[in-house]
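Residues per chain, in single letters:
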Amino acid sequence: MSQEERSQLRFAPPEEEYRHVERVDVEEDCPECDSDAVKQYPTLRFNGWQRITRCQDCFNVLQKEEMLPYGFWQPWTWDWKK
Amino acid sequence: MSKEKSEKSNPTITPELEERTEQSSEYVITDEECRENYGLGLTDAELLRHRFVAMVSQIAERLQNGAFSVVIRDMQDFGIGILAPHDPADDLHMDLVASAEGCPIHFFNLQYKARNNIREYGIDNLEPGDILVYNDVYRGGSHVMDNQVAAPVFHDDELVAFINIDGHFTDIGGSVAGGFAPGITDMYSEGLRLSPRLLFEGGEPVKETFDLYLDNLRTPEITFGDLQNYGSTLLEATELLEDLCEQEGAETVRNAMQYTLDYGERRMRAALDELPDGYYEGEDQIDDDGVNTDQELKVKTALKVRGDHAEVDFSGSSAQVQGNINGSPSDLTASAHIGLMSLLLNDVHVSAGMFRAVDVLLPTKSIVQAAPPAATTQGHLVPSAKAISAIQNTLSEEISGKGVAESYNDVPTVAMSGWDGRGDEPEFFLIFQVPYGPFGGTSENDGHCYSLQIMGNCREMAYEIEEELYPHVVLRKEFVRDSAGAGEHRGGPAIRWDQMVRFDSELTVSLEQMRQETMGVEEGKGGDPAYIFEIDMDKWDSKTADQCYPADGGRTPAEYRNMISGVIDTETGEIDLENGEYHTGKFSDKPLPAEQPFATVVAGGGGFGDPYERDPEAVREDVRDDLVSIEAAKEEYGVVIDPDSLEIDYEATEGQRAEGN
């Protein structure tokens, strides 16, 4: 883990009144339905946190990437061997 | 077999059963498919699926019989799960295979908490007889009072499953007895926060872990008993699964787990497929965070359905707050699943297979996914309850075929602590209560009158036992007249709970749904908001009691009350949502003098449907049961009832309803 990642054990409070999950546009068409409404975003699925690339029309998942196990935070000692 | 012959030999095949059989073809596989996919006949697979559930029930019974804490023993505030092993190549991720009795939010969030912590400890580091313990909110937990233990199950040196128990500890240290502390502003003040560590190693207790608990909690005698009970229960539970593997073979058990998970997935996907594709928004409000009491907060949900898959997006929810109502992702994900399943699936035991069809989006640094060091003890309850409500509001009757109005929409907590002087030596006491309340009316029935919010499903301790254990007296527990939301199917009525402590003590409360009525749906009306008051003992005497009770219908006249919480008209002392002043229902360590009665009044349930459509006979029954007054019968329901005979004047009722429409 990088020093920058290790430093995040406390987070400053947010400034906005409401918070949102950002869905980032992906320049790719859905292979299932040809839609260009493909976005990438983090989600907590049945098997843990994943950043998925999903067609917003048919919900086909084009790609999935495992995130940090706790979402956006990780203990400093996560990768220590016992 | 001819139809005539089949009907003679199967006389119980009704049209309803035929319809259900046809519907179940969406998710029931054939014996041939079962053998091909799982190496098991369908009957064997189903027997094992149910056997997993029966084992969890057996473990729950054992846990409760040995528990010391009333929260586990009497209130059933725990969850138990059999989890699959961790083998991603075989699509097994320590998923919840079976759950049974207990508190739904515990077993819905159980696998998220388990997976993170067991993996952090290191699966390969576990040996037979080891039991891990952990409670950190930010490691997938709920709040620090919920401590989870996990035991690996081995068969022939192979790790075949985990068995986990997640239970609420009465105290976990921290700045306020009981742990629920409105007013605190960070996780450091809330109590022990534990990364995964061994509680038992090879079946033997680990001194350092026991010391950590016993040196830091206010109830060490109870905690010591419960930690031991956790250990003995789990060690027996692992034997149950080991025996099953011995009888059936580890491979059969593993395949049965796969079958169970896939069955759950098929059931949920079939249910989602019945919903029209679409985007359904909902939201619910939180009165305040216990610190900035002038700021109302919001949990927003957007359910997106595409075929047999869904997303629940909490975007638009309030940012995380200073007070202790910040939620965790495992709790809010569990709430999303609970909300959906309450309307879509009500006849199948929960497994993680059902979670495969629903993905949850949680904005960071929000009240549905806070970042450290935010405080979270009440976050396990308040945003979770609101999320469930918001999702139920999202799926109206038109969409889901079922409609439900808002419940009392809270999981309140009341804690009283002090020194019990009844014996020869004073003894510290800590009473922890979770007031129950009504549900909202539904498309089929009136709202259930008295239960815990559906994420809880806990039991209430018998007052005789409570008054024996603690220096505490329950004075009144009753419905409040005219507090239920009117509707064709009315909500359940609000409930007031008067009690007092015999010695000086401190009172800590979190009560919600004070700023607004609960929501009625489909022209149903809202239920009364919640409030808290003390009886003014300078004015109250036995004569007053005789005058007021029971004629007051649960509403003590303002002159005998000192209001503590609610939206209060400061001149009259009455609840006035339009012009009153808001006083928070979240406070810690309020001094409670000996024998000072106080009352918590939870909100009434919302009504479903037009009140004028309610069967007049049902209204008369409500009047006879003192849930609805004669006046409200006429004003709210248009039913005119003679106050002496309680007979319905049908002609006048027809006129009243025509006039009202």
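One structure accompanies this document, and this report is about it. Quantities reported herein were computed from a predicted structural model and do not represent experimental measurements.

As for the overall build of chain B
Of regular secondary structure, chain B possesses 17 helices and 24 strands. Principal axes of the C-alpha set define a box for chain B whose edges measure 75 × 75 × 45 Å. Buried positions account for 63% of the 661 residues belonging to chain B. In chain B, 50 side chains carry a positive charge and 126 a negative one; their mean positions are 1 Å apart.

Here's the deal with the packing of helix H6 (residues 104–121) of chain B against helix H10 (residues 329–344) of chain B
All names here are of chain B. Relative to each other, H6 and H10 sit at 125°, their axes nearing to 8 Å. Classed by the angle they form, the pair H6 and H10 counts as oblique. Considering how the two elements wind past one another, H6 and H10 form a crossing that is right-handed. Taking contact as the criterion, the partners of Pro104, Ile105, Phe108, Asn109 and Tyr112 in H6 are, on H10, Ser330, Asp331, Thr333, Ala334, Ser335, His337, Ile338 and Met341.

Remarks on helix H15 (residues 616–624) of chain B
Residue and element names in this part refer to chain B. Among all positions of H15, only Pro616, Val619, Arg620, Asp622 and Val623 are buried. Along H15, the residues classed as buried sweep out an arc of 155° about the axis, all on the same side. Against helix H16 (630–637) and helix H17 (650–660) lie the buried residues of H15. With a side-chain oxygen positioned 3.0 Å from the backbone nitrogen of Glu617, the residue opening H15 is Asp615. One or two positions beyond H15, positive phi appears at Asp626, with a value near 60°.

Focus on the interface of chain A and chain B
Between chain A and chain B, the residue contacts involve 36 residues of the former and 50 residues of the latter. Counting each side, the surface lost to burial between chain A and chain B is near 3600 Å², with a carbon and sulfur contribution of 56%. Area buried by chain A at its contact with chain B is led by A:Arg19, A:Phe46 and A:Phe59, which between them contribute 21% of it. Between chain A and chain B we count six salt bridges in total. For B:Asp313, the salt bridge goes to A:Arg23, with nearest N and O atoms at 2.9 Å. If you look at where chain A meets chain B, you find 22 residue pairs in polar contact (both at pLDDT 80 or more). The set of elements that each furnish at least two residues to the side of chain A that touches chain B consists of strand S1 (18–19), strand S3 (38–45) and strand S4 (48–55) of chain A. Per element, the largest residue contribution to the side of chain A that touches chain B is five residues, and it comes from S3(A). Residues of the side of chain A that touches chain B, tallied by class, amount to 20 nonpolar, six polar and 10 charged. Here S1(A) runs beside strand S13 (residues 317–318) of chain B; their pairing, made up of two bridges, is antiparallel.

Side note on the nonpolar core
All names here are of chain B. The biggest cluster of nonpolar side chains holds 173 residues, and the ones touching the most others in it are Phe52, Ile118, Tyr213, Met268, Phe314 and Leu340. Here this core gets 11 residues from one element, more than from any other, and that element is helix H9 (residues 250–273). Once residues lying within four places of it in the same chain are set aside, the contact partners of Ile118 are Met94, Ile123, Leu126, Leu132, Tyr134, Ala150, Phe162 and Asn164. Ala486, Leu627, Ile641 and Ile648 belong to the second-largest nonpolar core, a separate cluster that totals 11 residues.

Rules behind the numbers
Residues numbered from 1 in each chain as written. Chains lettered and ligands numbered in written order. Predicted model: local features only at pLDDT ≥ 70, side-chain atom pairs only at ≥ 80, totals over all residues. Heavy atoms only, no water. Helix = DSSP H or I, 4+ residues; strand = E, 2+ residues; numbered from the N terminus. Buried < 20%, exposed > 50% of the residue type's maximum accessible area, 1.4 Å probe, protein only. Lys, Arg positive; Asp, Glu negative; His and termini not counted. Charge placed at Lys NZ, Arg CZ, Asp CG, Glu CD. Axes fitted to C-alpha atoms, helices over the stretch in contact; angles between N-to-C directions. Parallel < 35°, antiparallel > 145°, perpendicular 65-115°, else oblique. Left-handed = near helix turned anticlockwise from the far one by under 90°. Contact = heavy atoms within 4.5 Å. Arc of directions from axis to C-beta. Polar contact = N/O pair within 3.5 Å; in protein donor to acceptor, adjacent residues only side chain to side chain. Buried area = accessible area lost by both parts, 1.4 Å probe. Salt bridge = Lys/Arg side-chain N within 4 Å of Asp/Glu carboxyl O. Nonpolar A, V, L, I, M, F, W, Y, C, P; charged D, E, K, R; others polar. Pairing = 2+ DSSP bridges. Core = buried A, V, L, I, M, F, W, Y, C linked by side-chain atoms within 4.5 Å.

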